[in-house]
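What follows is each chain in one-letter form.
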Amino acid sequence: MADKMRDNQKNDSLDRGDIIFGRNPVSEAIRSGRPIDSVLVARGAKTGAIVGILAKAKEKKLRIKEVDPKKLDYMCGGGTHQGIAAVAAVCEYKELEDIFSLAKERGEAPFVIVLDEIEDPHNLGAIIRTAECAGAHGVIIPNRRSAGLSFTVGKTAAGAVEYVPVVRVPNIPAVIDTLKDKGLWVYGADMNGEDYRKCDMKGAVALVIGNEGKGIGRLVREKCDVIVSLPMKGKINSLNASVAAGILMYAVAEDR
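Residues numbered from 1 in each chain as written. Predicted model: local features only at pLDDT ≥ 70, side-chain atom pairs only at ≥ 80, totals over all residues. Heavy atoms only, no water.

Looking at the chain as a whole, the pLDDT averages 90, with 93% of positions reaching at least 70. The weakest mean pLDDT in the chain belongs to helix H1 (residues 2-16) at 44; the strongest belongs to strand S5 (residues 111-116) at 98. pLDDT under 50 marks residues 1-16. Its contacts with residues more than four places away, or in other chains, come to 20 contacts. (pLDDT = per-residue confidence, 0-100. Helix = DSSP H or I, 4+ residues; strand = E, 2+ residues; numbered from the N terminus. Contact = heavy atoms within 4.5 Å.)

Next up on the list: the packing of aromatic side chains. As enumerated under the stated definition, the model contains 0 aromatic pairs in all. A cation over a ring is seen here: Arg168 above Tyr93, with NZ or CZ 4.1 Å from the ring centre. It is Lys182 that lies over the ring of Phe100; its NZ or CZ is 4.8 Å from the centre. (Phe/Tyr/Trp six-rings, centres within 6.5 Å; stacked < 30°, edge-to-face > 60°. Lys NZ or Arg CZ within 6 Å of the ring centre and 35° of its normal.)

Along the chain, the position of Asn123 falls in helix H6 (residues 121-134). A polar contact of 3.2 Å, which involves the side chain of Asn123, links it to the side chain of Asn240. In terms of polar contacts, Asn123 uses its side chain to reach the side chain of Ser242, at 3.3 Å. If sequence neighbours within four positions are ignored, Asn123 has contacts with Ile118, Glu212, Asn240, Ala241 and Ser242. (Polar contact = N/O pair within 3.5 Å; in protein donor to acceptor, adjacent residues only side chain to side chain.)

This next bit is on unusual backbone geometry. The backbone of Arg145 shows a phi angle near 55°, a positive value even though the residue is not glycine. Of the residues examined, Arg145 reaches a relative accessible area of 53% and is grouped as exposed. Positive phi, normally seen in glycine, also occurs at Ala158, with a value near 55°. Checked against the element boundaries, Ala158 lands in the loop between helix H7 (151-157) and strand S7 (166-169). (Buried < 20%, exposed > 50% of the residue type's maximum accessible area, 1.4 Å probe, protein only.)

Next up on the list: helix H10 (residues 241-255). Residue pairs spaced three or four apart in an α-helix point in one direction, given the helix's 3.6 residues per turn. Here H10 spans 21 Å end to end across 15 residues, near enough to the 21 Å set by a 1.5 Å rise per residue. Of the positions making up H10, those classed as buried are Ala241, Ser242, Ala244, Ala245, Gly246, Leu248, Met249, Ala251 and Val252. Next to the buried residues of H10 lie S5, H6, strand S8 (185-195), strand S9 (205-210) and strand S10 (226-229). (Expected span 1.5 Å × (residues − 1).)

Here the focus is the environment of Asp116. Note on placement: Asp116 falls in strand S5. Accessibility expressed as a relative area gives 7% for Asp116, which makes it buried. Between the alpha carbons of Asp116 and Gly215 there is a distance of 8.0 Å; along the sequence they are 99 residues apart.

On to the pairing of S9. Every regular strand shows the same layout, with side chains that alternate between the two sheet faces. Burial of S9 is extensive: 6 of the 6 residues sit out of reach of the surface. Residues Val205, Leu207 and Ile209 point to one face of S9 and Ala206, Val208 and Gly210 to the other, with burial holding for every one of them. Bridge analysis of S5 against S9 gives 6 bridges, and the strand direction is parallel. Residue pairing for S9: Phe111 is matched across the bridge by Val205. Where S8 lies against S9, 4 bridges are found, and the strand directions are parallel. Bridging from a neighbouring strand, Trp185 pairs with Val205 of S9. (Pairing = 2+ DSSP bridges.)

Structure follows, in structure tokens:
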């Protein structure tokens, strides 16, 4: 099932022009300031003109991934990629201050969604969509081991990426410290926590949602002020990440 979803995502990208490939096209996309989710370089191809392209990508703080050449062939639909490609983003990533500016503009205490390695683009898109509907001021994702603002995410979010700032950071535990310094109370969603219905989630809140399989990481969990759980009545002990996030976001919205 996971492989099929990844294949669908790649096909979506090819159909919609999300994949930019070839040295000149990628170089021009970076130079022009076009929103880019990541730069893909074939393993062993970091030579010649590619070195200069990667230097430009690093200057712009773009995410760079080294991938198997066969994978790059597949993602580019068999086109001549010359060892490098870029995945276009549906919109620009924002800065952390943009989240607080939006909260201030609305006259509200900040409400932030922190995602610890959500890898499924459909889950990320659904969470961004619900975040917009529930009144969150922004979504934070990590640079690595996370879905980005691909076409699939934008399609699933149904336009919400235009209204909810999405911020990409190098370190989730560090950004949680920053949020705490700004007065936010941090709630992590995980098993064996306190029943979310017994928590008062008023005021400035950050809600942390973990990876689809592993949940939130140990360091992230330790940074949270409170761990909250959803009561499980059936025989399955967990919910889809976007469903759990939706329930908890509306619990925060109700308390606010």
